[in-house]
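Fold and contact review
Listed below are the residues making up each chain.
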Number of protein chains: 2
Amino acid sequence: MELDERKKKILKAVIANYLETGEPVGSRTISKYTDLDLSSATIRNEMADLEELGYIYSPHPSAGRVPTDKGYRFYVDNLMEEKEEIEEVKSTLLERVDRMELMLKQVAKVLAYNTNYATMVTAPNYRKTVKFIQLSQVDLDNLLAVIVVEGNIIKNQMIPVNVPLDNEDVLKFNILLNTFLQGAALEDINLEMIQAMKKQAGEYDVILEHIFQGIVEAIHEANELEIYTSGATNILKYPEIGDISKTSELLEAFENKNELTNLLEKTVNNDGEEGIQVYIGDETPVQNMKDCSLVTATYKMPEGATGTIGIIGPKRMDYKKVVSTLKNLTIELDDIFKKGKGVNTDGD
Amino acid sequence: MELDERKKKILKAVIANYLETGEPVGSRTISKYTDLDLSSATIRNEMADLEELGYIYSPHPSAGRVPTDKGYRFYVDNLMEEKEEIEEVKSTLLERVDRMELMLKQVAKVLAYNTNYATMVTAPNYRKTVKFIQLSQVDLDNLLAVIVVEGNIIKNQMIPVNVPLDNEDVLKFNILLNTFLQGAALEDINLEMIQAMKKQAGEYDVILEHIFQGIVEAIHEANELEIYTSGATNILKYPEIGDISKTSELLEAFENKNELTNLLEKTVNNDGEEGIQVYIGDETPVQNMKDCSLVTATYKMPEGATGTIGIIGPKRMDYKKVVSTLKNLTIELDDIFKKGKGVNTDGD
DNA sequence: ATTAGCACTCACCAACATCGAGTGCTAACC
DNA sequence: GGTTAGCACTCGATGTTGGTGAGTGCTAAT
């Protein structure tokens, strides 16, 4: 059954009011709040219908109505018109950040500050090929390998060696490593390659293997999906989320980066769509977030790499604000990356 | 007024019991709990004395007694004998961690897991002199500077250059930078040095200045005191700490690394003593930790560098366990560093 | 000095009454 | 037919009351 115009208006009013106050909203409030000019009795009848249809429910007979997940869903899909004003705040804060990592941290922070929800941001995910390897002798017992991967993520690895090497040896290794590894991604490295390298290394094959191991480890690290979070404590501000033990669970989950990464990856893969996704209550792919909502957005780098931004808040979060903020933010990010200026994508 | 032996015994029993249960403890409990063989009435008299002296108080007339800050203090200073058994758990977990950063993170984590309190660990603080600088051309527009400082902390810095440089130029810069900066610490870099370098750079003085700036920035970063935290959510487990708003404040403070660093530095400087320090309630140097206790310990590296470990918990924390855990842990850390094996002190 | 005894206090809890916001339903109204 | 005034009803929230029990302080006896 389709909702008629009036029901939509009432549903919207109920939700808007509930988002604001957090209290169940009664018929009289709606009767005054809207421009419908209907008595509370009429509203009551309509609300009874809406309840029957599953959009709202009353926690107990003498309380007002509260949106159900279905209600929120309808609101987000059909009722919510987005804010037009652009949130300027963050752009000023994003000014000078010359490293990917710092910038994403900053994004998470600013977003948490602006929205009062918990936020997380993943670094862009793309095929990370080796751009450049530099091996140098730091002291008698240690080689330092510096690996620059595409996107200028830099990883360092100390490699202990027990055989004295002279400059020339190191130079040889350097050339060898670069010839084989430049342009390669993690998944390109295979046994054959190792064999070929060892062959070329001749008597140094054992050391080379050692060094190679260190480098692979570093590449591995560069491939790990970084995730930055902020505003975890904001969760405490919304008592509806549950008692202390539930909140605590949620916070712990939020501290666990692996879990979060999975979560974000799942949401993005779930529905191949890009852009902004809203997950309400049970719709979220993680158990202990049943009483929350999750809004995700993806941003793009010109090379096609994408990253995800996520916001976790109570079900009664300000969807309008969050969605429009995210929309603007992703546009801004896309922009910054497009210009390719002001941001060096180097890790540290 | 000195406490006589019996009062001490009773105070100790009260505190021990309270630490265990978290409930005010009554005279009858003590009468049974101790080997004093005294009736509850006698205990009552003694407890009244202890209350007058400020070691304990009753939250209300018909409740038992609870230790005051002064009581805890006396307990920690005079009454508490430390556990003899060594906490083996963590050592097993500290096995293979080959980077300072990861290891300290691990320490914080294990400690939080073992104690159920919030923990923080600072990296050792020492004069960080430049060991080695490596400049390389990553692509047409960027130089990569790798700076290794004493203790094998490695920092990377991308330096955009708009003038094409050939290999030889880079090599020259490398030599120049290393001659001037090797062995220097941040505070050694001064205007004179810059002038001298520029002079030697000749026509390249502008680029050099640019590069130099990038390097100084990196050295700066290496000098920043890192701090790692874990178990923040443990704070939620102790409702005595206060209502949600207080807990939330505390958690936020805990998220703010700068504040924490200050805190730890303050505690260490406060009383020049090294070793283990216990701050109870008001004694902590930070306002919003009034309802908590803080235990800090310092560990040493053979070169004299020291770092700090801190544990934040409720006032009724298990001081005995915490102190002995910290004692063992610092010994273990000192040991690991002394061996100098198993740990490469490289950042990333 | 110790302790048995006792009156006293007060947090905690359950039972109960009150209040009021909000409902559903019915009947009257336009 | 849709709308609304009116009313009985529900039930959470709040407040009151009384009983219970843990624990105390004091006194008098040991």
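A brief look at the structure comes next. (Residues numbered from 1 in each chain as written. Chains lettered and ligands numbered in written order. Predicted model: local features only at pLDDT ≥ 70, side-chain atom pairs only at ≥ 80, totals over all residues. Heavy atoms only, no water.)

1. Thoughts on the overall build of chain A
- Counting secondary structure elements, chain A contains twelve helices and ten strands.
- Taking 348 residues into account, the globule formula puts the C-alpha radius of gyration at 20 Å, and chain A, at 27 Å, lies well above it.
- Each principal axis of the C-alpha distribution contributes one length, and for chain A these read about 90 × 40 × 35 Å.
- Expressed as a percentage of its 348 residues, the buried residues of chain A come to 53%.
- When contacts within chain A are restricted to residue pairs at least 6 apart in sequence, those whose partners lie at least 24 apart make up 62%.
- Both charge centroids of chain A, one from 38 positive and one from 58 negative side chains, sit 7 Å from each other. (Helix = DSSP H or I, 4+ residues; strand = E, 2+ residues; numbered from the N terminus. Rg over C-alpha atoms; globule rule 2.2 N^0.38 Å. Buried < 20%, exposed > 50% of the residue type's maximum accessible area, 1.4 Å probe, protein only. Contact = heavy atoms within 4.5 Å. Lys, Arg positive; Asp, Glu negative; His and termini not counted. Charge placed at Lys NZ, Arg CZ, Asp CG, Glu CD.)

2. A closer look at the protein's contact with DNA strand C
- Close to DNA strand C lie 19 residues; Ser27(A), Ser62(A), Arg65(A), Arg6(B) and Thr42(B) are nearest.
- Of everything in DNA strand C that lies within 4 Å of the protein, sugar and phosphate atoms constitute 72%.
- A distance of 2.8 Å separates a phosphate oxygen of DNA strand C from a polar side-chain atom of Arg6(B).
- Contributions of two or more residues to the surface near DNA strand C are made by α3 (40-52) of chain A together with α3 (40-52) of chain B.
- Sorting elements by how many residues they give to the surface near DNA strand C places α3(B) first, with four residues.
- Looking at side-chain class alone, the surface near DNA strand C contains six nonpolar, nine polar and four charged residues. (Near = heavy atom within 4 Å. Polar contact = N/O pair within 3.5 Å; in protein donor to acceptor, adjacent residues only side chain to side chain. Nonpolar A, V, L, I, M, F, W, Y, C, P; charged D, E, K, R; others polar.)

3. Concerning unusual backbone geometry
- With phi around 70°, Asn116(A) is a residue other than glycine that occupies positive phi space.
- Structurally, the position occupied by Asn116(A) is in the loop between α6 (100-115) and β3 (118-122).
- Despite not being glycine, Asp37(B) shows a phi value in the positive range, around 55°.
- Summarising the element assignment, Asp37(B) is placed in the loop between α2 (27-33) and α3.
- Classification of Asp37(B) as exposed rests on a relative accessible area of 74%.

4. Considering the sheet that holds strand β6 (residues 153-160) of chain B
Residues and elements named next belong to chain B.
- Taken together, the three strands give an open sheet; going across it, the order is β4-β5-β6, and neighbouring strands pair in antiparallel fashion. On the outer flanks of this sheet lie β4 (130-137) and β6, each paired with one strand and no other. Sheet twist, expressed as the average angle between the axes of neighbouring strands with direction ignored, equals 15°.
- Where strand β5 (residues 142-149) and β6 come together, eight bridges link them in antiparallel fashion. Following the sheet pairing, Ala 145 is matched in β6 by Gln 157.
- Across the sheet, helix α7 (residues 167-181) is in contact with β4 and β5; its angle to β4 comes to roughly 165°. (Pairing = 2+ DSSP bridges. Axes fitted to C-alpha atoms, helices over the stretch in contact; angles between N-to-C directions.)

5. Brief notes about the protein's contact with DNA strand D
- Around DNA strand D sit 19 residues, and of these Arg6(A), Ser39(A), Thr42(A), Ser27(B) and Arg65(B) come closest.
- Close to the protein, within 4 Å, the atoms of DNA strand D are drawn from sugar and phosphate at a rate of 73%.
- Side-chain polar atom of His60(A) to a sugar or linking oxygen of DNA strand D: 3.4 Å apart, as the coordinates give it.
- Taking Ser27(B), its side chain carries an N or O atom lying 2.6 Å from a phosphate oxygen of DNA strand D.

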